[in-house]
Amino acid sequence: MASGADQTLRREIDHLGRMLGDALVRQHGPELLSLVERIRGQAKILRKDGDTGRLTATLAGMSPATAIDVVRSFSAYFYLANVAEQVHRYDEVSSQSLFRETIGRLLANGVAGADIESAVESLDVRPVFTAHPTESARRSILDKLRTVAELLAERSDPRLSDRRQMRIDQRLAELIDLIWQTDELRRERPAASDEAASAAYYLGVVGDGLGELNADLRHELRAAGLAVPESLRPLRPGSWVGGDRDGNPNVTADVTLQVLRINHRRGIGHLLDELRTLVGEMSLSIRHVGVSTELVTRVEESRAQFPAVDEKWGQLNAEEPYRLHLTFAIERLELTLHALIEGRVPTLP
């Protein structure tokens with residue numbers, strides 16, 4: 001008998017399957033959905049008693065255009081089912097509980113706390129993305145599937161209102177239509193720059209998750225009474241796309257430089273996003289908190305260095321030095337980014 005969690009997953013996949021069926025009807029009419037369902041039923045019979053006759057006859061009678069639509073239907077179904085399972089497994093497994101259990105077992109088996117602290121501080125785990133020239137998944141599809149995952153995670157909240165549930169289902173239906181209407185395969189073999197962009201996408205996804213894992217690890221170590229520096233980050237992602245020297249003739253020194261520039265720009269873009277969020281949060285006022293001499297000195301140096309920024313924000317944020325300092329940092333990064341885009345060596349005033 002399936003567990004409650006497995007039944008929940010099955011219901012979610014069935015729900016997505018029905019939404020995909022509705023999309024097929026919207027896009028191509030009921031005939032395609034009827035054909036897909038007939039093939040599904042015949043495949044079940046094949047698995048049960050080995051009867052290939054009906055399925056073979058159905059497949060042989062399809063035109064090439066119809067066969068493409070059928071294959072795409074099943075591909076879309078498996079896209080959605082895989083996303084649902086990933087969301088389900090993520091909710092099912094808690095990194096905090098795994099860290100807590102591991103630390104508890106080590107201590108229970110006589111491992112000294114100091115030895116655990118030393119071992120953790122020496123950890124350096126780096127999941128590295130390698131180059132895959134045959135990678136065909138497009139970011140256009142990956143972005144939509146990521147949004148589907150976010151919506152499914154929200155949809156699983158039992159406190160969700162009926163109105164929000166309806167909005168989520170409407171958005172899921174839109175995304176499924178968009179996935180169907182999007183070419184899922186690249187038309188040409190990806191270049192190193194395409195591979196770098198794909199790796200950067202995954203690095204962004206995994207990077208957020210690894211940040212949470214690092215935070216969970218620090219929390220559980222402290223909860224066990226162990227000393228942990230706030231800077232502890234043993235899990236860090238990496239990529240060697242565009243830098244591999246394993247015989248790929250397309251990866252030259254120029255290609256490596258091009259990929260480094262791409263990654264440089266993406267890294268700065270990510271930092272800018274984070275700093276803009278911090279500017280909104282760091283509204284600390286000197287009326288309520290003290291600030292270091294170093295920060296005051298740095299802000300005054302930046303005022304002289306960026307008079308236009310000071311003229312715009314200096315008075316408005318005069319009593320919010322953290323926010324002002326971050327605003328100057330954003331200006332530095334934006335100037336650096338513009339220089340990189342224009343192919344210049346970044347220089348600051």
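Residues numbered from 1 in each chain as written. Predicted model: local features only at pLDDT ≥ 70, side-chain atom pairs only at ≥ 80, totals over all residues. Heavy atoms only, no water.

**Q** I tried to follow the packing of aromatic side chains on my own but got confused; where do I start?
**A** The way to describe two aromatic rings as a pair is by their centre distance and the angle between their planes. Overall, the coordinates contain 2 aromatic pairs when judged by the stated rule. Seen in terms of ring centroids, Tyr77 and Phe78 are 5.5 Å apart; in terms of plane orientation they differ by 75°. Their pairing is edge-to-face. With a centroid separation of 6.3 Å and 25° between ring planes, the pair formed by Phe306 and Phe328 is classed as stacked. Here Phe328 lies in helix α13 (residues 321-341) and Phe306 lies in the loop between α11 (293-305) and α12 (307-313), a separation of 22 residues in the sequence. Owing to a relative accessible area of 4%, Phe306 belongs among the buried residues under this scheme. The cationic tip of Arg40 hangs over the ring face of Tyr77; the distance from NZ or CZ to the ring centre is 5.6 Å. Its guanidinium or amino end placed over the ring of Trp180, Arg72 lies 4.3 Å from that ring's centre, counting from NZ or CZ. (Phe/Tyr/Trp six-rings, centres within 6.5 Å; stacked < 30°, edge-to-face > 60°. Helix = DSSP H or I, 4+ residues; strand = E, 2+ residues; numbered from the N terminus. Buried < 20%, exposed > 50% of the residue type's maximum accessible area, 1.4 Å probe, protein only. Lys NZ or Arg CZ within 6 Å of the ring centre and 35° of its normal.)

**Q** Please clarify how the nonpolar core should be interpreted in this entry.
**A** Nonpolar side chains in soluble globular proteins tend to end up buried together. Formed by 34 residues in total, the largest nonpolar core has its most connected members in Leu20, Val148, Leu152 and Leu172. For this core, the secondary structure elements donating two or more residues are α1 (4-28), α2 (30-49), α4 (64-92), α7 (139-155) and α8 (162-180). It is α4 that contributes the most residues to this core, 8 residues altogether. The next biggest cluster of nonpolar side chains, apart from the first, holds 10 residues, and it includes Ile268, Ala329, Ile330 and Leu333. (Core = buried A, V, L, I, M, F, W, Y, C linked by side-chain atoms within 4.5 Å.)

**Q** Can you help me understand empty space enclosed by the protein in this one?
**A** In this approach a probe as big as a water molecule rolls over the atoms, and the regions it shows empty are the leftover space. Scanning the model with the defined rule gives 2 cavities of 30 Å³ or more in all. Taken as a whole, the largest cavity spans an internal volume of roughly 50 Å³. Forming the boundary of the largest cavity are Arg72, Ser75, Ala76, Tyr79, Ile179, Trp180, Thr182 and Glu184. Sorting the residues of the lining of the largest cavity by element identifies α4 and α8 as the ones contributing at least two each. In terms of residue count, the dominant contributor to the lining of the largest cavity is α4 (4 residues). Of the residues that constitute the lining of the largest cavity, the class distribution is 4 nonpolar, 2 polar and 2 charged. Taken as a whole, the second largest cavity holds about 30 Å³ of empty space. Looking at the second largest cavity, the residues that line it are Glu117, Val120, Glu121, Leu221, Ala227, Val228, Pro229 and Leu232. Take the lining of the second largest cavity: its biggest share by element is 3 residues, from helix α6 (residues 113-121). Of the residues belonging to the lining of the second largest cavity, the class tally is 6 nonpolar, no polar and 2 charged. (1 Å grid on protein atoms, 1.4 Å probe; cavity = no way out; pocket = protein on both sides within 12 Å on 5 of 7 lines; lining within 4 Å. Points joined across faces, edges and corners; volume = space filled by probe spheres on them. Nonpolar A, V, L, I, M, F, W, Y, C, P; charged D, E, K, R; others polar.)

**Q** Looking at this model, I keep getting lost on the packing of helix α10 (residues 253-281) against α13. Mind explaining?
**A** What describes two packed helices is the angle between their axes and the distance between those same axes. Contact geometry for α10 and α13: axes closest at 10 Å, N-to-C directions at 160°. As far as their axial angle goes, α13 and α10 are roughly antiparallel. Relative to α13, α10 is oriented so that their crossing is left-handed. For the pair formed by α10 and α13, the contact residues are His264, Arg265, Ile268, Leu271, Leu272, Leu275, Arg276, Leu278, Val279 and Gly280 on the first element and Arg323, Leu326, Thr327, Ala329, Ile330, Leu333, Glu334, Thr336, Leu337, Leu340 and Ile341 on the second. Looking at side-chain class alone, the contact of α10 with α13 contains 13 nonpolar, 4 polar and 4 charged residues. (Axes fitted to C-alpha atoms, helices over the stretch in contact; angles between N-to-C directions. Parallel < 35°, antiparallel > 145°, perpendicular 65-115°, else oblique. Left-handed = near helix turned anticlockwise from the far one by under 90°. Contact = heavy atoms within 4.5 Å.)

Functional significance is not addressed by these values, which are geometric in nature.
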